Amino acid sequence: MEPTVHQIYHFDTEKLFSEDEAYELVNLLVAVTSKAKNKINGLNSKLEYYKSQPAQADIIQFDLNNEIQKWSDKVRRLGGIPLALYKVKVPSVNGFFVWEFPSVELEFFLN
């Protein structure tokens, strides 16, 4: 069963998460990222296969970039800040948490 989305934030809104809220967010991030990674890996494989066909490769590259952007947008709407592909900063009152797929753990850093 997938976790339920409790809150979706506007892109310009910065949410500060407690540790408990951050761990709840991790459950969502794992689900969202797992799906995105499957799509992105599939597109990367297709891109490798069609690398000698520039017209087809350009279409696949466009789709790949689009999937990465969709993942990034979903992370932002959930309150996270994408740092790199599959790596997310989660703002907190005294600092921030960092999560990286496939972990279910967070690292905390003071401001």
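The following paragraphs examine the structure supplied in this document. (Residues numbered from 1 in each chain as written. Predicted model: local features only at pLDDT ≥ 70, side-chain atom pairs only at ≥ 80, totals over all residues. Heavy atoms only, no water.)

## Details of the environment of Leu43
Logical step 1: Structurally, Leu43 is set in helix H1 (residues 19–49).
Logical step 2: Under the relative-accessibility criterion, Leu43 is labelled buried at 12%.
Logical step 3: Note: C-alpha distance between Leu43 and Asp63 (20 residues apart in sequence) is 7.5 Å.
Logical step 4: For Leu43, the residues in contact, after removing those within four places along its chain, are Ile60, Asp63, Leu64 and Glu67. (Helix = DSSP H or I, 4+ residues; strand = E, 2+ residues; numbered from the N terminus. Buried < 20%, exposed > 50% of the residue type's maximum accessible area, 1.4 Å probe, protein only. Contact = heavy atoms within 4.5 Å.)

## A word on the sheet that holds strand S4 (residues 107–110)
Logical step 1: Spatially, four strands are ordered S1-S2-S3-S4 in an open sheet, and the strand pairing comes out antiparallel. Looking at the sheet topology across the chains shown, the edges are occupied by strand S1 (81–84) and S4. Each adjacent strand pair in this sheet contributes to an overall mean axis angle of 30°, direction not counted.
Logical step 2: Sheet topology note: the strand S2 (residues 87–91)/strand S3 (residues 95–100) ladder contains five bridges and is antiparallel. By the bridge assignment for S3, Lys89 is matched with Val98.
Logical step 3: Its contacts with the sheet put H1 on S2 and S3, and the angle it makes with S3 is roughly 30°.
Logical step 4: Docked against the sheet, helix H2 (residues 54–77) engages S1 and S2, running at close to 140° with respect to S1. (Pairing = 2+ DSSP bridges. Axes fitted to C-alpha atoms, helices over the stretch in contact; angles between N-to-C directions.)

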